[in-house]
Amino acid sequence: MDKQSEKIIATFANLLEKGNWDEATKASLQSLHEELKKNLHRNQFKLDRTLKDKAIAIRLLNQTISDLQKHQQLLEKSNQVLYDQKKEIETQKEIVEEQSKQLANRLGELQMSYSELERFAYFASHDLRAPLRTITSFSEILGIRYLDKLDKDARTFLSFLNSGAQQMNNIVDALLEYSRVGRMDDEFKETNLNFTFERALYDLRKLLAEKNASIKAAELPTAMVSKGAMRKLFYHLFKNILVYSSANSLMVKLRCEEKSRFYKFLLTEDNNALEEVFPSYFFEDFRIDTPGGFPDKGISIAICKKVILLHYGIIHVEKNDKDVTRVIFTIEKK
Amino acid sequence: MKARAINAKSLEEFKSQIEEAKRQHPTFSLCILFCSITFSVKDIQYICIQNELDLFGCTSSGEITDGQFYTSQTISGLILSMPSDSYRVVECDRMGDDSFDMAFRAGKSVENLFAEQSILLLAQGVGANADLIIQGLQHAIGKSTSLFGGLAGDNLALKRTYVFSSEAIYSDGLMMLVLDNQKVQLHGLATSGWEAIGVFHEVTEAENNVLLGIDHQPALDVFLRYFGSFDDANVGLEASENTSAQYPLQILRDDGSLVLRAPLFGDTNRRALVLAGGIKKGDKFRFSISPGFEVINQTVEEFGALQKKAPDADALILFSCIGRLGAFGPLMEDEVRGIFEYWDKPMIGFFSYGEIGATEGAQCDFHNETCTLVSLKDIS
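Fair warning: this is a prediction, and the values are worked out from it, not measured in the lab.

Visitor: Help me understand the environment of Lys333(A) in this model?
Guide: Residue and element names in this part refer to chain A. For Lys333, the location among the structural elements is in the segment after strand S7 (325-332). Sequence separation between Lys333 and Phe262 is 71 residues, and the spatial gap between their C-alpha atoms is 4.8 Å. Lys333 has contacts with Ala223, Arg261, Phe262 and Tyr263, leaving out every residue within four places of it along the chain.

Visitor: What is the right way to look at the interface of chain A and chain B in this model?
Guide: Quoted interface sizes are often the accessible area lost when the parts come together. In this complex, chain A contributes 15 residues to the contact, which on the side of chain B involves 15 residues. Tallied by class, the residues present in the side of chain A that touches chain B amount to 5 nonpolar, 3 polar and 7 charged.

Visitor: Could you clarify how one ought to interpret helix H3 (residues 99-110) of chain B in this entry?
Guide: In an α-helix, one turn spans 3.6 residues; hence positions three or four apart end up facing the same way. Residue and element names in this part refer to chain B. For H3, spanning 12 residues, the distance from its first C-alpha to its last is 17 Å, which sits close to the expected 16 Å at 1.5 Å a residue. The set of residues buried in H3 consists of Ser99, Met102, Ala103, Phe104, Ala106 and Gly107. Packed against the buried residues of H3 are strand S7 (87-93), helix H4 (130-141) and strand S12 (173-180).

Visitor: Explanation requested: the packing of helix H4 (residues 193-203) of chain A against helix H6 (residues 227-244) of chain A in the structure shown.
Guide: Helix-helix packing is characterised by the crossing angle of the two axes and by the distance between the axes. Residue and element names in this part refer to chain A. Direction vectors running N to C along H4 and H6 enclose 50 degrees, while the axes themselves pass 9 Å from each other. With respect to H6, the element H4 is oriented oblique. As H4 packs across H6, the resulting crossing turns out to be right-handed. Along its contact with H4, which presents Leu193, Thr196, Phe197, Arg199, Ala200 and Asp203, the element H6 presents Lys227, Met230, Arg231, Phe234, Tyr235 and Phe238. When grouped by side-chain class, the residues that make up the contact of H4 with H6 number 7 nonpolar, 1 polar and 4 charged.

Visitor: What is the right way to read the nonpolar core from this model?
Guide: It is characteristic of soluble globular proteins that their nonpolar side chains tend to be buried jointly. One finds Ala123(B), Val163(B) and Leu174(B) to be the most contacted residues of the largest nonpolar core, which totals 133 residues. Taken together, domain 1 (3-191 + 294-378) and domain 2 (195-289) of chain B each give at least three residues to this core, which thus spans both.

Visitor: Explanation requested: the pairing of strand S24 (residues 355-358) of chain B in the structure shown.
Guide: Note on strand geometry: in a regular strand, side chains alternate between the two faces of the sheet. Residues and elements named next belong to chain B. Pairing geometry for strand S9 (residues 146-151) and S24, over 2 bridges, is antiparallel. Of the residues in S24, the one forming a bridge with Gly150 is Glu355. Sheet analysis places S24 next to strand S25 (residues 364-367), joined by 4 bridges and oriented antiparallel. By the bridge assignment, Glu355 is partnered in S25 with His367. The antiparallel pairing of S24 with S25 creates a hairpin that spans 5 residues between the two strands, and Gly361 there sits at a positive phi of about 75 degrees.

Visitor: What is the right way to look at the sheet that holds S24(B) in this model?
Guide: The pairing of strands in a sheet comes from backbone hydrogen bonds and takes either a parallel or an antiparallel form. All names here are of chain B. Within the open sheet, the 6 strands sit side by side as S7-S12-S8-S9-S24-S25. Their pairing is mixed. Each end of this open sheet is capped by a strand with a single partner; those strands are S7 and S25. Neighbour-to-neighbour, the strand axes of the sheet open up by a mean angle of 20 degrees, direction not taken into account. Both strand S8 (residues 117-123) and S9 contribute to a ladder of 6 bridges, which runs parallel. Each residue of the ladder has a partner; that of Ser118, found in S9, is Ser146.

Visitor: What's the story with the environment of Ala174(A) in this structure? I'm lost.
Guide: Considering the arrangement of structural elements, one finds Ala174(A) in helix H3 (residues 152-180). Residue class for Ala174(A) comes out buried when judged on the 21 C-beta atoms lying within 10 Å of it.

Visitor: Got a minute to help me understand the packing of H3(B) against H4(B) in this structure?
Guide: Residue and element names in this part refer to chain B. At a minimum axis separation of 7 Å, H3 and H4 run at an interaxial angle of 35 degrees. Like other packed secondary-structure pairs, H3 and H4 cross with a definite hand, here right-handed. Along the contact surface, H3 presents Ser99, Phe100, Asp101, Met102, Ala103, Phe104, Ala106, Gly107, Lys108 and Val110, while H4 presents Leu132, Ile133, Gln135, Gly136, Leu137, His139, Ala140 and Ile141. Classifying every residue of the contact of H3 with H4 gives 11 nonpolar, 5 polar and 2 charged.

Visitor: What exactly am I supposed to notice about unusual backbone geometry here?
Guide: A positive phi angle is found at Tyr312(A), which is not glycine, with a value near 50 degrees. Under the C-beta neighbour-count criterion, Tyr312(A) is labelled partly exposed, with 13 such atoms within 10 Å. Unusually for a residue other than glycine, Gln73(B) sits at a positive phi of about 60 degrees. By the C-beta count within 10 Å, which is 16 here, Gln73(B) ends up partly exposed.

Visitor: Just to check I follow, could you spell out the pairing of strand S2 (residues 30-36) of chain B for this structure?
Guide: All names here are of chain B. Within S2, 7 of the 7 residues are buried, which leaves the element mostly enclosed by the surrounding structure. Where S2 and strand S3 (residues 54-60) come together, 7 bridges link them in parallel fashion. Bridging across to S3, Ile32 finds its partner in Phe56. This β-α-β element, S2 to helix H2 (residues 41-50) to S3, shows right-handed connectivity. Of the pairings in the sheet, the one linking S2 to strand S6 (residues 75-80) comprises 6 bridges and is antiparallel in character. Looking across to S6, one finds that Phe34 is bridged to Ser76.

Visitor: Looking at this structure, I do not really get the confidence of the model for chain B. What am I missing?
Guide: All names here are of chain B. Model confidence for chain B is summarised by a mean pLDDT of 90, while 96% of its residues fall at 70 or above. Below a pLDDT of 50 lies the segment residues 235-241, which in the model reaches 24 contacts outside its immediate sequence neighbourhood of four places, other chains included. The ipTM for the predicted assembly is 0.78, set against a pTM of 0.62.

Visitor: Mind showing me how you'd approach the confidence of the model for chain A here?
Guide: Interpreting fine coordinate detail is not advised for predicted regions of low pLDDT. This prediction gives chain A a mean pLDDT of 85; 94% of its residues lie at or above 70. pLDDT under 50 marks residues 289-293 of chain A. Its contacts with residues more than four places away, or in other chains, come to 4 contacts.

Visitor: What's the story with the sheet that holds strand S23 (residues 347-352) of chain B in this structure? I'm lost.
Guide: All names here are of chain B. Spatially, S5-S4-S23-S22-S26-S13 is the arrangement adopted by the 6 strands of the open sheet, whose pairing is mixed. The sheet is open, and its two edges are formed by strand S5 (68-70) and strand S13 (184-191), each paired on a single side. Averaged over neighbouring strand pairs, the angle between their axes works out to 15 degrees when direction is ignored. Here strand S22 (residues 315-321) runs beside S23; their pairing, made up of 6 bridges, is parallel. Opposite Ser320, over in S23, you have Phe351 as the bridge partner. Contacts between helix H7 (residues 294-309) and the sheet are confined to S13 and strand S26 (371-378), with S13 contributing the most and set at about 155 degrees to the helix.

Visitor: Where do I start with the environment of Val317(A) in this structure?
Guide: Mapped onto the elements, Val317(A) comes out in strand S6 (residues 315-319). Apart from the residues lying within four places of it in its own chain, the contact partners of Val317(A) are Phe278(A), Ser280(A), Phe282(A), Phe283(A), Thr325(A) and Val327(A).

Cut-off values and rules
- Residues numbered from 1 in each chain as written.
- Chains lettered and ligands numbered in written order.
- Predicted model: local features only at pLDDT ≥ 70, side-chain atom pairs only at ≥ 80, totals over all residues.
- Helix = DSSP H or I, 4+ residues; strand = E, 2+ residues; numbered from the N terminus.
- Contact = placed C-beta atoms within 7 Å.
- Nonpolar A, V, L, I, M, F, W, Y, C, P; charged D, E, K, R; others polar.
- Expected span 1.5 Å × (residues − 1).
- Buried ≥ 20, exposed ≤ 12 C-beta atoms within 10 Å, placed from the backbone.
- Axes fitted to C-alpha atoms, helices over the stretch in contact; angles between N-to-C directions.
- Parallel < 35°, antiparallel > 145°, perpendicular 65-115°, else oblique.
- Left-handed = near helix turned anticlockwise from the far one by under 90°.
- Core = buried A, V, L, I, M, F, W, Y, C linked by C-beta atoms within 7 Å.
- Domains from an automatic or database assignment.
- Pairing = 2+ DSSP bridges.
- Right-handed = clockwise from strand over helix to strand, strands pointing away.
- pLDDT = per-residue confidence, 0-100.

What follows is the structure in structure tokens.
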């Protein structure tokens, strides 16, 4: 109870004590005095508790605000960490982009060098043909006009000359063809590979007849390819089999499996004749001088490999679980 | 059923009132009694036995009789002319069991006393886990049995409380008054009014009713930070002096309901907060402050709604949390009188260390800061 209330109560009590009251009035006043004391006590309690609650509520709210601020600070800290990480990622991205750019430039340079090389190979091959043709022509004239004037040794030398010129002509032809892959008629378009396959067989019809061979394909897809390049691929693969297999009859089969991102082709021969034609290392590197002394075989395989690369695929030789050799190649779906 | 509420400031006065009541109505058979721990329970037992009254009671932290409450050490008794076959006082000592096993044992002993029954429960106020008591009891008798009651007090000394019958006095046990619902009807309601404030916090460490960690910080430090009127010098004091019980934790149950846990005092050695009820790791809670005085009217109105549902009562028993007394002070009288006037029937009660009962639309639970009322009606 505050001092003023206490003073009022004390004054009231004093008046009650010292006043000259009749019994009934005194009893009423005493009751009133008790009621007054009680009410003052209640009001004082309410006031005290309200003040205390107010203080606690303010403290609670301040603390809650403080907690929220701490949470906010934590969030801001986390945000800063995230921001720093983002910046770091951006920096890394810039570095990667820069490196990609450099890589692209290098690739461009490489492509340019490669193109130059191809052009050089093309023109060199092309230009080689003229002197080669001169050598061949004049050695032929020499053989026709002066054969009876030449002794035995001279005739043998002339024969070597003709043979070498012919071999070189073949190599130049192959080199020219190799350099043409990706240059001519190589626009990518929807192509029914069944037709391309048939065209390759048509080109090889004489060899097929000579070798008593059969080359069949299961349904092939229509794919976005370089039609000319694919024709070369089929042609050279089959030609290699027909030329370099010692089997009396051949039953070659081609089938294609469609995968999510590419087409997978599998080439087999019923009597495992491919083992002889395509040793396991066969598509691993480029070589003109192949074992067995068939220089154009090497060029031919290089052409196959180049066609596959042009279509972002791979080509290799493997044996299945029955030890049958098969040639597998893929081309990317576009 | 005849009922009379008495309040005595001394054993002599109590004896005199009991004898007078018995003279007027010799059929009085049962005395429900709450008294200050300063009284000799043995003497009370003796007086009741002398007057052929079964006794069911506990010590308290303030008593209620009719529309008045007393904090000056009194005895509040409700004497009832209840037929002896309509009730049974059942005692259960702890005997080394934990709270669950003790309550389960007690529940099994009353499982088939009556075809339909309800239970008034008084349990020790210090050292018991009231949540486990309720769980153990309900495990034995099921959840459909009405269960109301309170935890005994000791004038906020928080040292030792007693529950008692005519024959037993336990400082570590529980008492049950089992009522035959076919003869005596029981209605009850628990209501609070405390408002939560601030953000949700998480209990990160706890042992029974000792709250050790809040949001990975020492619980006492967090509490002191929020309720700055306490300091290290007085948090270790009893709840009557630090008034912490007025600021209960509102724990969110899985079913979305809230249960209040009043902090009794701080353990400065462990930097922990000792609560008037169990709490467990992972519990989510909000702090609360004392409600405004308008809650008194709201509480009274809620019991007005109960009165409409159960208008006829022979007697009333009120279990009011000691925290309410701290929060409402002399205005507590308005709540007690308001409730009493709805029925205007004999009513006793006490200020407890925890209440057992169901809030509106919820199942029976253990509470703090509630006002829990039970009405009894003879229907035989």
